Number of protein chains: 2
Amino acid sequence: MGSEMGRLAIGVDLGGTQLRAALIDQNGTLLVRTAMATAATQGPEVVADQIRDAVATVSAGIDPPRLIGVGVCSPGPLDSLQGIVLNVATLTGFVNIPFRRMLQERIGMPVWLENDGIAAALGEWRYGAGQSVSNLVYITVSTGIGGGVVADGRLLRGRRGMAGHIGHMSIVRDGDRCDCGNPGCWEEYASGTRFARRARQRVQSDATTTLGKGDSPVDGRAVFAAATAGDPLAKSLVAEEADLLGAGIVNLLHLYSPELVIMGGGMSANFAQLHPGIAARIATCAMPPFRDTPVVRAVLGDNSGLVGAAATAFEAAKP
Amino acid sequence: MGSEMGRLAIGVDLGGTQLRAALIDQNGTLLVRTAMATAATQGPEVVADQIRDAVATVSAGIDPPRLIGVGVCSPGPLDSLQGIVLNVATLTGFVNIPFRRMLQERIGMPVWLENDGIAAALGEWRYGAGQSVSNLVYITVSTGIGGGVVADGRLLRGRRGMAGHIGHMSIVRDGDRCDCGNPGCWEEYASGTRFARRARQRVQSDATTTLGKGDSPVDGRAVFAAATAGDPLAKSLVAEEADLLGAGIVNLLHLYSPELVIMGGGMSANFAQLHPGIAARIATCAMPPFRDTPVVRAVLGDNSGLVGAAATAFEAAKP
């Protein structure tokens, strides 16, 4: 215990829009933080320089021996075992980049690279909704669908650390082609983006809905608000979204047998409205021994990536 | 090494039709075997007696200290951690049965209970096609679809040991309802049973095919034979089956990131005819970093359950 007291890690959440970094203690508490716009079009060298600077900012004045290193999470697919970014659609030039090595050279501390969904799963496991369990599936539903899996008391990694691309599980035979190339991906049907797009399409052919009749855009937030107000179209859109989420979750129950499913990401702001439909799908479609698995809302919210990235560092530095 | 030399396990493969048992050494070699019709309608007590007798038969004359115990595999879902059969549709009365305890009381040796798909995965990992890898997915395609997963050098178990019910992953939104209750399960579309049923349906409306024109039944074997002979309907049925198998396998690549996919079960007798279509689906639909994952045929064949069950015992008895 003694030598571990007070040790700190730096978490970095590298997104296509924003780059965030924070100094985080072993309880998952954010002590110092910074954020900047990601230089998304300027290539890996410039982004690596940004991360170096962000790390310097949040660790300024900290006694170096207290710092165990830097955990960086980014969209995948990436090879977390080798520290190689394989392909990030939203960051120019991030194809087969040995990003972990590039960062270590700049920062002079150990660096670990992790898929953002897996990092968030780890964050929720260590510091969030999943602290009491040995088996969980974390799902983030926002622009896309990502996630990570804890099984048998360990993070599920697989070859190159690429396990858990749960958004790219096809649930619709010959369905719409996902950006990844696979037809019918869960992400292509149940992400926040697709939910909003479906709403805009349905509004066109529905004369009775209040949605889209004023100046405000038809986005996810508007649909949930209209559903709360009793708008029939909005209610049916929310029910359909919940059913689509539930259908994917039933698959994940059968595939990973978690004790707990945790939902994060932007769409989880409306978890209370989605949960009944998700639970109904599980109650009718999961095999009986899987039906009692709870689905709960993530607790780390916007910070799941940051905290999870730091958790990656704490985990990797364990003796 | 010394104390482990020459140790033996008994594998039992409990199926709805046949009950098989074998004495197996640490190289996975079957030394003695027996088989009988399962008393499938007579309840767990009678079946447990059958297993006791089969174990006695294959272990007759063996010095007891050489025997580490008995591994029993059965259809799921079952709780392999507690040794409880939760529900086996093909065996009357097998609902929430503490079968491991019942067998231990009768046999007087340690008994381990495992899902047959997971046991076969372990068998292929230890003694079959997967000996060199740390991450694999084993798929058995026959009456249904089952399987098991090795991830990060360990068998994936999950809550109650119920992970890896890969046949009950829905791939068709609002599709045909599976026996398990879930609509659109992979098993409901790509099992050997469904392949044969699809063939019988298509034959009705196809005047040109040779299938079903003679006395021989339209079953899976007939379709593969007709496809080899160039029958267009049979060729299209095989291509569709391969594509359905490939679609499920693409999902499994994204979900578990195996180094290797191993296909066993009755349908794997026709692996050479199915493989091109499976590979084509992976090449077009898997995310690029997953496309080089090989799909190979299982090598243990009919004995995957028996050998896998014994492997379960060897694994569990490891210090």
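Residues numbered from 1 in each chain as written. Chains lettered and ligands numbered in written order. Predicted model: local features only at pLDDT ≥ 70, side-chain atom pairs only at ≥ 80, totals over all residues. Heavy atoms only, no water.

1. A word on the packing of aromatic side chains
Under the criterion given, the structure shown has five aromatic pairs over all chains. When the ring of B:F94 is compared with that of B:F99, the centres are 5.1 Å apart and the planes differ by 70 degrees; the resulting orientation is edge-to-face. An identical accessibility class is assigned to B:F94 and B:F99; each is buried. A cation sits over an aromatic face here: A:R126 above A:W125, 3.9 Å from the ring centre. (Phe/Tyr/Trp six-rings, centres within 6.5 Å; stacked < 30°, edge-to-face > 60°. Buried < 20%, exposed > 50% of the residue type's maximum accessible area, 1.4 Å probe, protein only. Lys NZ or Arg CZ within 6 Å of the ring centre and 35° of its normal.)

2. A short note on the interface of chain B and chain A
The interface of chain B with chain A comprises 48 residues on the first partner and 48 residues on the second. Here chain B packs against chain A, burying approximately 4,000 Å² in sum over the two surfaces, 51% of which is carbon and sulfur. The largest share of the area that chain B buries against chain A comes from B:R159, B:R173 and B:L255, three residues that together contribute 20% of it. Counting the contacts that link chain B with chain A gives four salt bridges. The shortest N-O distance in the salt bridge between A:R159 and B:D292 comes to 2.8 Å. Linking chain B with chain A are 28 residue pairs in polar contact (both at pLDDT 80 or more). Listed by contribution, the elements that provide at least two residues to the side of chain B that touches chain A are β11 (154-155), α7 (232-256) and α8 (271-285) of chain B. By residue class, the composition of the side of chain B that touches chain A is 24 nonpolar, 13 polar and 11 charged. (Contact = heavy atoms within 4.5 Å. Buried area = accessible area lost by both parts, 1.4 Å probe. Salt bridge = Lys/Arg side-chain N within 4 Å of Asp/Glu carboxyl O. Polar contact = N/O pair within 3.5 Å; in protein donor to acceptor, adjacent residues only side chain to side chain. Helix = DSSP H or I, 4+ residues; strand = E, 2+ residues; numbered from the N terminus. Nonpolar A, V, L, I, M, F, W, Y, C, P; charged D, E, K, R; others polar.)

3. Some points on the sheet that holds strand β7 (residues 95-97) of chain A
Read across the sheet, three strands follow the order β5-β6-β7 (chain A) without closing on themselves; strand pairing throughout is antiparallel. In the strand order of this sheet, the two ends are held by β5 (78-79) and β7 of chain A, each with one partner. (Pairing = 2+ DSSP bridges.)

4. Here's the deal with the pairing of strand β4 (residues 67-74) of chain A
All names here are of chain A. Taking burial as the measure, the eight residues of β4 include eight buried ones, the bulk of the element. Pairing analysis gives six bridges linking strand β1 (residues 8-14) to β4, with the strands arranged parallel. Bridging from a neighbouring strand, G11 pairs with G71 of β4. Sheet topology note: the β4/strand β8 (residues 111-115) ladder contains five bridges and is parallel. Within β8, the position partnered with G71 by the bridge is W112.

5. Here we look at the pattern of salt bridges
Counting across every chain of the model gives 36 salt bridges over all chains. Two residues, A:R194 and A:E188, come together in a salt bridge whose shortest N-O distance is 3.2 Å. A:E188 shares its class with A:R194; the two are buried. With a closest N to O distance of 2.6 Å, B:E114 and B:R157 form a salt bridge. You can see B:E114 sitting in strand β8 (residues 111-115) and its partner B:R157 sitting in the loop between β11 and α4 (186-190), a full 43 residues away along the chain. By relative accessible area, B:R157 is classed as partly exposed at 24%. The network of salt bridges with shared partners includes A:E45, A:D49, A:R52, A:D53 and A:R106.

6. Concerning the relation of the copies chain B and chain A
Overlaying chain B on chain A yields an RMSD of 0.0 Å, the required transformation being a rotation through 180 degrees with an accompanying axial translation of 0.0 Å. As the rotation angle and translation indicate, the two copies are arranged about a two-fold axis. Most of the interface of chain B is mirrored in chain A, where 100% of its interface residues are also at the interface. (Least-squares fit on C-alpha atoms with pLDDT ≥ 70 in both.)

7. A few points about the nonpolar core
Generally speaking, nonpolar side chains in soluble globular proteins are found buried as a group. Membership of the largest hydrophobic core comes to 108 residues, with the highest contact counts inside it found for A:I139, A:W186, A:Y256, B:I139, B:W186 and B:Y256. Setting aside residues no more than four positions away along its own chain, A:I139 makes contact with A:I145, A:G146, A:G147, A:I166, A:W186, A:I249, A:L252, A:V261, A:I262, A:M263 and A:G264. (Core = buried A, V, L, I, M, F, W, Y, C linked by side-chain atoms within 4.5 Å.)

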